[in-house]
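Next come the chains, spelled out residue by residue.
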Amino acid sequence: MPRVNMVQALNMALREEMRRDPRVVVLGEDVGRMGGVFLVTEGLIEEFGEERVIDTPLTEMGIVGVAIGMAMYGLRPVAEIQFIDFIYEAFDQIVNNAAWMRFRSAGMYKVPLVIRGPCCGGIRGGMHHSQSNEAYFIHTPGLYVVMPSRPYDAKGLLKESIRVDDAVIFLEPKSVYRTVREEVPEDDYTIPLGKGRVVREGDDVTLVTWGAMVYVAEKAAELAEKRRGWSVEIIDLRTLFPWDKDLVVSSLEKTGRLVIVHEAWKTLGPGAEISAYIAENHIDLLRGPVKRVASYDTPFPLVHEKLYMPNVARIYRALMEVMEW
Amino acid sequence: MPRVNMVQALNMALREEMRRDPRVVVLGEDVGRMGGVFLVTEGLIEEFGEERVIDTPLTEMGIVGVAIGMAMYGLRPVAEIQFIDFIYEAFDQIVNNAAWMRFRSAGMYKVPLVIRGPCCGGIRGGMHHSQSNEAYFIHTPGLYVVMPSRPYDAKGLLKESIRVDDAVIFLEPKSVYRTVREEVPEDDYTIPLGKGRVVREGDDVTLVTWGAMVYVAEKAAELAEKRRGWSVEIIDLRTLFPWDKDLVVSSLEKTGRLVIVHEAWKTLGPGAEISAYIAENHIDLLRGPVKRVASYDTPFPLVHEKLYMPNVARIYRALMEVMEW
Amino acid sequence: MTSLLGDVDLPFKPLPPRVLEEYSGMLREALGFKRAIDEEGRVVDESLLPKLTNRELAEIYEYMVRARVLDGWLLKLQRMGKVALHAPNRGQEATAVGTAKPMKPHDWLFPSYRELGAYIVRGMSEEEILDRAMNTIDDPLKGSDFAIYGNRKYNIVPAPVPVGNQIPLATGAAIAAKILGHDTVVVAMFGDGASSRGDFHTGLNFAGVFKAPVVYVLQNNQWAISVPTKRQTAAPSFAVKALAYGVPGIRVDGNDVLAVYSIVSRAIERARRREGPTLVEAVTYRLGAHTTADDPSRYRREEEVKIAERYEPLRRYRKFLESQGVLTEKEALQLEEEWDSRVEEIVRKVLQKPGLPKDVFFENVYERPPWVLEEEKKEFEESLKIAEELGIELEE
Amino acid sequence: MTSLLGDVDLPFKPLPPRVLEEYSGMLREALGFKRAIDEEGRVVDESLLPKLTNRELAEIYEYMVRARVLDGWLLKLQRMGKVALHAPNRGQEATAVGTAKPMKPHDWLFPSYRELGAYIVRGMSEEEILDRAMNTIDDPLKGSDFAIYGNRKYNIVPAPVPVGNQIPLATGAAIAAKILGHDTVVVAMFGDGASSRGDFHTGLNFAGVFKAPVVYVLQNNQWAISVPTKRQTAAPSFAVKALAYGVPGIRVDGNDVLAVYSIVSRAIERARRREGPTLVEAVTYRLGAHTTADDPSRYRREEEVKIAERYEPLRRYRKFLESQGVLTEKEALQLEEEWDSRVEEIVRKVLQKPGLPKDVFFENVYERPPWVLEEEKKEFEESLKIAEELGIELEE
Ligand SMILES: Cc1ncc(C[n+]2csc(CCOP(=O)(O)OP(=O)(O)O)c2C)c(N)n1
Ligand SMILES: Cc1ncc(C[n+]2csc(CCOP(=O)(O)OP(=O)(O)O)c2C)c(N)n1
Ligand SMILES: [Mg+2]
Ligand SMILES: [Mg+2]
């Protein structure tokens with residue numbers, strides 16, 4: 001089994017799916033000859049040609065709108081948004097057509113489309129190369145929202161996303177692209193949407209997170225264990241809609257304490273839904289407050305991003321607050 | 001004091017502000033000669049002329065983008081989105097420029113812009129004439145989000161929104177436009193953003209809501225009082241970002257029970273933030289679960305909308321669940 | 001665009017003269033005005049008379065009649081409170097029918113909301129349209145939005161209510177057909193107002209770059225609700241906008257069904273030969289209100305409408321048919337009466353049908369409903385029970 | 001567009017011949033190629049030589065030199081890890097300087113991210129640009145985004161990183177200036193890639209309809225990262241896109257600073273006279289990488305760049321200046337050395353400056369921070385304390 005990074009795992013997924021199914025096509029800015037600014041689509045144009053690996057004009061509205069039409073007609077497009085921060089021009093197309101075409105047409109037309117792109121901070125990318133804007137899509141009925149944290153999951157989830165018959169927003173934490181390597185099978189495997197995984201078992205407090213924050217949370221958990229003896233269970237949600245409530249609830253049944261960590265803005269970030277869901281349906285399980293550690297409610301800054309995003313100190317503080325309540 | 005409906009109150013606000021400040025201009029589709037499809041801008045073109053009451057080409061991206069430029073240059077535009085459901089084309093402009101220009105320019109440029117339009121359901125308007133999409137804007141740092149429920153507030157809040165030096169998303173529940181009349185002073189008064197109001201006092205449970213749902217909540221509260229003797233305190237938030245947490249918390253101190261009712265989709269609807277905030281900071285106040293009654297997570301349907309939106313039965317059920325917990 | 005990639009012909013010079021020539025030709029079409037017959041039904045351009053049999057010519061007329069009759073019924077039903085909203089088609093029948101007629105069944109149509117004639121040509125029945133408009137149990141779109149029609153059976157994609165966002169979809173479908181080696185052509189219809197949207201821009205730009213087999217039919221009916229075309233654009237025509245994308249644009253009399261038929265059918269053939277997209281501007285006039293919720297007296301003069309009536313498409317085509325011996329005035333008017341009583345009967349039938357089930361909106365959100373929707377559906381069912389227990393009517 | 005509102009002249013006829021004439025003229029400009037001097041600095045069109053003194057001509061050269069020198073330093077500093085990202089300007093100095101020079105101080109510029117020359121002409125110092133690029137305590141934009149410059153002092157609005165979304169803002173500012181009766185003109189600069197965005201479409205369309213006093217300078221540098229112009233549009237020029245909006249478009253040699261100056265200055269005057277907007281397509285070439293994160297060898301041939309070097313703007317302008325007796329080659333090259341050592345000194349100074357305060361990002365979100373941000377700031381301060389207590393370095 002090759003040890004690969006996330007970029008390579010994503011590239012494997014695309015290549016395998018394109019080989020398996022001639023209807024799979026890739027489109028976006030610079031995805032062809034250049035192989036994408038992060039090289040996720042590297043080598044695809046050589047293998048599959050210009051008709052299936054399509055460099056497009058510079059417009060996210062166009063990329064997504066055209067990809068929706070392709071998907072309705074019978075292709076299975078994977079549209080790259082160069083940085084997910086640039087997706088807003090496509091918002092009308094995503095909401096009204098990608099998410100709602102099935103409903104609008106009473107099931108007569110479907111949109112098997114993956115919109116993928118690098119997200120999140122940590123590379124000193126400033127306001128427009130760092131955002132975690134998954135909440136906009138989680139709030140929109142009709143979409144799946146996925147964010148892998150490691151190469152193995154990236155491959156399995158992307159393959160599954162390509163096969164699902166609804167639109168999927170597939171977010172790739174770019175700070176992990178080349179920093180984590182692991183063994184990824186060359187076989188055809190998929191990971192079902194909607195299933196999280198336990199990254200680290202623990203008894204005292206459940207920490208729900210995803211994407212690059214999994215690694216920061218691990219550091220904070222280790223520190224908490226070492227310093228205070230607290231045993232932190234970490235769950236990587238992997239799919240953000242629908243999120244794996246069974247996994248979270250069963251962990252909570254054990255711990256009774258909940259911290260949620262994400263890079264999205266705090267106000268109405270995804271943590272709000274998880275917390276509210278628990279307060280609505282499982283408040284009896286809670287032994288204390290539910291704390292959210294999230295990016296502050298300001299545009300993403302170029303300077304001091306590590307202070308702005310959840311960091312070990314901020315997570316540690318939240319753990320203190322729930323443990324010492 | 002004239003008894004007026006919300007359309008008239010909004011019209012008064014625009015007229016007064018345009019008289020007071022020559023920098024206030026109005027733009028949008030059909031706002032001029034026609035006076036807007038709901039007649040909110042009726043008569044303005046006659047009084048202020050074509051330069052200040054501007055019929056635009058059919059593009060929300062253009063309306064908002066151009067209005068931002070106007071605001072930066074020194075005008076105080078009020079941009080109408082004919083139905084707020086059509087705002088998605090403008091999303092890039094709203095996020096990147098309306099919300100973030102102040103930050104992007106380190107305070108050198110500001111965007112004193114009001115984006116207003118009819119929102120919400122209840123008139124059998126179907127998917128694209130019924131949405132409550134405030135959550136997208138609440139999640140976006142840099143914006144104010146406002147939704148009045150009655151003519152008096154509509155006037156005072158719109159006037160304040162026009163005077164604020166940041167961008168405001170001003171949502172008008174169209175089902176209330178002509179159904180509620182009340183006395184509205186012809187004087188110059190404003191209502192500060194961020195302040196809710198108690199619509200109905202009560203001791204047993206706090207019900208937080210806004211917009212047209214205030215009236216549905218009142219019916220449910222009366223029914224609950226009559227049938228079960230429960231005393232429901234209803235808070236109309238009026239401003240959705242920043243929301244009036246002091247008012248909610250002080251009510252909760254009394255009741256210990258919380259129900260949130262809104263027309264926005266449930267998943268990551270504004271209720272999620274309010275619930276999560278309480279679970280984070282005031283869980284000790286809670287005597288039971290926090291229930292949210294919201295529109296279901298499907299596109300807004302043309303048929304059976306009253307079953308899809310929060311209705312008296314759904315609110316009653318939520319009250320039962322918190323009271324009988 | 002001077003080719004650069006793998007080519008060192010740098011663009012620091014004027015464009016070759018053939019480009020100016022080609023574009024001058026395109027400009028003439030984009031600023032011209034094609035018509036086969038004038039407003040009195042007299043032939044003015046033989047070359048634009050399609051080669052059709054008398055039977056086919058009569059059939060075209062019948063489609064226009066059916067569209068007009070149904071339009072009238074939808075207006076009536078709206079006033080009766082049986083239809084939520086209707087966007088009157090009157091005056092635009094020639095464009096709708098002339099556009100749809102040359103399409104093959106396997107071609108795809110991405111329409112807008114004012115094209116009854118096009119739906120009918122493609123096989124949609126009056127009954128289906130009324131089921132849709134009244135959201136009966138047989139509504140093919142299951143109560144999902146108003147004033148919108150579509151059905152995969154006829155390769156008609158349901159129009160969007162947000163104006164114009166079907167345009168890039170049409171382009172994408174056309175590119176997909178090309179990639180898959182199908183000979184499908186895609187046709188998109190929209191209004192003058194839609195030309196201002198970002199979707200128009202990206203849709204046509206992609207079509208130009210990828211030579212998509214798509215035909216755009218812009219129905220310039222002079223108004224976008226209360227906004228006249230001169231407020232929509234400072235360009236002298238809408239067809240000229242195509243030139244921005246390397247796409248031919250052609251301005252045609254949209255009230256002349258024969259000219260529309262000829263021009264659209266040429267554009268379809270061109271697309272079918274995979275020679276690229278075309279934008280057709282069909283100059284027409286919205287004789288009615290924007291929708292049943294609109295009062296045009298607020299913004300346009302009755303006088304204008306009166307004059308526009310002279311250019312109305314049915315009358316002139318009737319005159320043409322009579323002059324050609326295809327159909328007498330009497331036969332033509334009889335056809336109208338016939339369809340009127342047929343539709344009356346259908347209306348009666350449709351009015352009897354039950355509505356859609358209460359939980360219909362939980363369907364077709366996802367292929368497989370996620371747990372969130374399942375939990376919500378449970379809440380929904382409970383709330384219906386509670387309403388019953390409380391004895392309250394939720395839908396009043 | 002045939003006027004309709006309050007006018008019964010219906011459009012069922014060809015457009016008047018004067019429209020075709022006018023548009024034919026516009027087409028020639030949009031497909032042409034204006035240049036004052038050729039790539040050897042020889043005058044080829046006297047009418048495009050601006051009436052400038054020798055001193056002014058030399059000053060223009062100096063601006064171009066300063067842009068080039070600073071560009072080199074920014075590249076160097078990026079490689080040293082002192083600057084997050086830089087978008088090289090090399091080869092595009094003539095467009096930047098030629099566009100900004102005819103502007104008045106009170107005119108507004110909405111630039112993009114590749115216009116060092118324009119910022120310098122408008123008064124931004126090397127020090128300020130370096131403060132920005134290195135986010136020192138004096139960074140006028142306080143660490144808000146990378147590779148972006150702007151300052152209200154010079155009426156330069158900070159460019160957006162999302163390509164092209166400044167275009168409608170420029171239109172709006174211009175309309176506002178007109179409404180307020182100011183004689184301000186607005187200039188917007190952007191690339192060939194930006195022309196594909198919805199913002200370009202709506203920005204130019206509004207400008208046409210409202211006759212906004214705005215000049216759009218599209219820098220066609222042949223590439224949008226790895227995408228060549230022929231993939232961006234099937235139109236033969238970018239200037240021709242203006243015609244879709246009733247706006248004149250004119251194609252000019254963007255490496256000829258004199259032609260750019262003349263054409264932009266005419267467009268500015270036209271706007272100042274309130275006669276409407278203009279789109280100027282400046283044909284140029286991006287000699288460097290897209291940004292310091294880019295490796296152009298992945299998508300373009302070195303050979304192409306070598307040929308493009310022959311058209312490079314400084315060399316040819318230097319030849320012109322020498323031929324006119326304004327500046328000798330030697331003087332010109334000396335200027336470059338001079339600026340290089342001046343900038344070196346400034347770099348040294350800027351490198352010494354402290355960075356921005358840790359809590360800087362809480363500023364300028366709202367005029368008055370709402371309670372949400374106040375609570376978050378408290379959490380932030382506590383977390384810094386905790387980090388200290390734990391002895392962990394957060395920013396590693
Ligand atoms: C994006 C969007 N904005 C606004 C509206 C409201 N609206 C409905 S139809 C219409 C005018 C459309 O004009 P045009 O495209 O010319 O089509 P026509 O109605 O004339 O057939 C407007 C503004 C809408 N449906 N969608
Ligand atoms: C909306 C958006 N999409 C994608 C990007 C990524 N990106 C940055 S620059 C660029 C190419 C821009 O090309 P062009 O407009 O020609 O300007 P140039 O870089 O050539 O000066 C792209 C795709 C972006 N910044 N914004
Ligand atoms: Mg129209
Ligand atoms: Mg470029």
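Residues numbered from 1 in each chain as written. Chains lettered and ligands numbered in written order. Predicted model: local features only at pLDDT ≥ 70, side-chain atom pairs only at ≥ 80, totals over all residues. Heavy atoms only, no water.

Caption draft 1: Spatial organisation of the overall build of chain A. The helix and strand inventory of chain A stands at twelve helices and 14 strands. On C-alpha atoms alone, chain A measures out to a radius of gyration of 19 Å, which is about the 20 Å that the 2.2 N^0.38 rule sets for 325 residues. When its C-alpha atoms are laid out on the principal axes, chain A stretches across 60 × 45 × 40 Å. Buried residues in chain A amount to 80% of all 325 residues. Within chain A, counting contacts between residues at least 6 apart in sequence, those at least 24 apart form 82% of the total. As displayed, chain A has an accessible area near 7600 Å², and 45% of this comes from carbon and sulfur atoms. Placing the 38 positive and 46 negative side-chain charges of chain A at their respective mean positions leaves the two points 3 Å apart. (Helix = DSSP H or I, 4+ residues; strand = E, 2+ residues; numbered from the N terminus. Rg over C-alpha atoms; globule rule 2.2 N^0.38 Å. Buried < 20%, exposed > 50% of the residue type's maximum accessible area, 1.4 Å probe, protein only. Contact = heavy atoms within 4.5 Å. Areas by Shrake-Rupley, 256 points an atom, 1.4 Å probe, with all protein chains shown as cover. Lys, Arg positive; Asp, Glu negative; His and termini not counted. Charge placed at Lys NZ, Arg CZ, Asp CG, Glu CD.)

Caption draft 2: Quick peek at the sheet that holds strand β3 (residues 53-55) of chain B. All names here are of chain B. Read across the sheet, seven strands follow the order β3-β2-β4-β5-β7-β6-β12 without closing on themselves; strand pairing throughout is mixed. Only two strands of the sheet have a single neighbouring strand rather than two, namely β3 and β12 (239-241). Shown here is a sheet whose adjacent strand axes are inclined to one another by a mean of 20°, direction ignored. Two strands pair when backbone bridges link them, and strand β4 (residues 76-80) and strand β5 (residues 114-119) are joined in this way by three bridges, in the parallel orientation. What sits directly across from Ala79, in β5, is Ile115. Contacts from helix α3 (residues 60-73) reach β2 (24-28), β3, β4 and β5 within the one sheet, and its direction differs from that of β4 by about 170°. (Pairing = 2+ DSSP bridges. Axes fitted to C-alpha atoms, helices over the stretch in contact; angles between N-to-C directions.)

Caption draft 3: Structural view of the site of ligand 2. Neighbouring ligand 2 are 20 residues, the closest being A:Glu60, D:Tyr113, D:Arg114, D:Asn221 and D:Trp223. At the site occupied by ligand 2, nearby residues are drawn from chains A and D. D:Asp192 has a polar side-chain atom sitting 2.9 Å from an oxygen atom of ligand 2. Here an oxygen atom of ligand 2 and a backbone polar atom of D:Gly193 are 2.8 Å apart. Protein burial of ligand 2: of its 580 Å² of free accessible surface, 95% is covered by the chains. Split by residue class, the shell around ligand 2 holds ten nonpolar, five polar and five charged. (Near = heavy atom within 4 Å. Polar contact = N/O pair within 3.5 Å; in protein donor to acceptor, adjacent residues only side chain to side chain. Nonpolar A, V, L, I, M, F, W, Y, C, P; charged D, E, K, R; others polar.)

Caption draft 4: Summary view of the site of ligand 1. Of all residues adjacent to ligand 1, which total 20 residues, the nearest are B:Glu60, C:Tyr113, C:Arg114, C:Asn221 and C:Trp223. Near ligand 1, residues from chains B and C are present, making the site a shared one. B:Glu60 places a polar side-chain atom, nitrogen or oxygen, 2.7 Å from a nitrogen atom of ligand 1. Within the contact set of ligand 1, an oxygen atom lies 3.1 Å away from a backbone nitrogen or oxygen of C:Ala194. Starting from 580 Å² of accessible surface for ligand 1 in isolation, the protein chains cover 95%. Of the residues contributing to the shell around ligand 1, the split by class is ten nonpolar, five polar and five charged.

Caption draft 5: Broad picture of the interface of chain D and chain B. Tallying the contact residues gives 49 residues for chain D and 44 residues for chain B. Of the roughly 4000 Å² buried at the junction of chain D and chain B (both faces included), carbon and sulfur atoms supply 66%. It is D:Phe206, D:Tyr366 and D:Trp371 that lose the most area in chain D upon contact with chain B, and together they represent 18% of the buried surface on that side. Counting every contact that joins chain D to chain B gives two salt bridges. For D:Arg197, the salt bridge identified is with B:Asp92, shortest N-O distance 3.4 Å. Connecting chain D to chain B are 19 residue pairs in polar contact (both at pLDDT 80 or more). Those elements that place two or more of their residues in the side of chain D that touches chain B are β1 (108-110), α6 (167-179), α7 (198-210) and α13 (371-390) of chain D. Top element by residues in the side of chain D that touches chain B is α6(D). It accounts for nine residues. Split into classes, the residues belonging to the side of chain D that touches chain B amount to 28 nonpolar, 13 polar and eight charged. (Buried area = accessible area lost by both parts, 1.4 Å probe. Salt bridge = Lys/Arg side-chain N within 4 Å of Asp/Glu carboxyl O.)

Caption draft 6: Here's a closer look at the coordination of the magnesium ion (ligand 4). All names here are of chain D. Taken together, Asp192 (OD), Asn221 (OD1) and Trp223 (O) make up the full set of protein donors to the magnesium ion (ligand 4), lying 2.1 to 2.2 Å away. Along the chain, the residues donating to the magnesium ion (ligand 4) fall in the pattern D-x28-N-x1-W. A residue pair is termed long-range when its members are at least 10 positions apart, and Asp192 in the loop between β2 (186-191) and α7 and Trp223 in strand β4 (residues 223-224) qualify at 31 residues. Considered together, Asp192 and Trp223 belong to a single accessibility category, that of buried residues. (Donors = N, O, S within 2.8 Å, 3.2 Å for Na, K, Ca; no water.)

Caption draft 7: Quick look at the coordination of the magnesium ion (ligand 3). Residue and element names in this part refer to chain C. Looking at the magnesium ion (ligand 3), one finds its protein donor set to be Asp192 (OD), Asn221 (OD1) and Trp223 (O), positioned 2.0 to 2.1 Å from the metal centre. Mapping the donors of the magnesium ion (ligand 3) onto the primary sequence gives the spacing D-x28-N-x1-W. In this structure Asp192 comes out as buried when scored by relative accessible area, which is 1%. We classify Trp223 as buried; its relative accessible area is 3%.

Caption draft 8: The arrangement of the sheet that holds strand β10 (residues 205-209) of chain A in detail. Residues and elements named next belong to chain A. Spatial ordering of the open sheet is given by β9-β11-β10-β13-β14, a layout of five strands whose pairing is mixed. Strands at the two margins of the open sheet, each flanked by one partner only, are β9 (197-200) and β14 (290-295). For this sheet the average axis-to-axis angle between neighbouring strands, irrespective of direction, equals 25°. Note that strand β13 (residues 258-265) and β14 share five bridges and pair parallel. When the sheet's bridge partners are listed, Val261 is paired in β14 with Val293.

Caption draft 9: Inspection of the environment of B:Leu113 at higher detail. Its location among the elements puts B:Leu113 in the loop between α5 (101-104) and β5. Residue B:Leu113 is classed as buried on the basis of its relative accessible area of 0%.

Caption draft 10: Geometry of the packing of α3(B) against helix α4 (residues 91-99) of chain B. All names here are of chain B. Two elements in contact, α3 and α4, have axes separated by 9 Å at closest approach and are oriented at 5°. Classified by the angle their axes make, α3 and α4 are roughly parallel. From α3, Met61, Val64, Gly65 and Ile68 reach across to α4, where they touch Gln93, Ile94, Asn97 and Ala98. Tallied by class, residues from the contact of α3 with α4 come to five nonpolar, three polar and no charged. (Parallel < 35°, antiparallel > 145°, perpendicular 65-115°, else oblique.)

Caption draft 11: The arrangement of the relation of the copies chain D and chain C in detail. Screw-axis analysis of chain D against chain C gives a translation of 0.0 Å along the axis, an RMSD of 0.0 Å, and a rotation angle of 180°. Overall, the copies show the geometry of a two-fold rotation axis. Among all residues of chain D, the one whose C-alpha sits closest to the rotation axis is D:Gly198, at a distance of 2.1 Å. (Least-squares fit on C-alpha atoms with pLDDT ≥ 70 in both.)

Caption draft 12: Region of the structure containing the domain arrangement of chain A. All names here are of chain A. Split into domains, chain A comes out as domain 1 (3-183) and domain 2 (197-323). In this structure, domain 1 and domain 2 have C-alpha centres spaced 26 Å apart. Interface area, domain 1 with domain 2, both sides summed: about 2200 Å², of which 60% is carbon and sulfur. On the domain 1 side of the contact with domain 2, Arg124, Ile138 and Met147 bury the most area, a combined 22% of that side's loss. Our count for the domain 1 to domain 2 interface comes out at two salt bridges. Linking Arg197 and Asp153 is a salt bridge whose minimum nitrogen-to-oxygen distance equals 3.1 Å. Going through the elements one at a time, α6 (134-138), β6 (144-146) and α7 (151-163) are the ones with two or more residues in the side of domain 1 that touches domain 2. Of the residues forming the side of domain 1 that touches domain 2, the biggest block, four residues, is contributed by α6. (Domains from an automatic or database assignment.)

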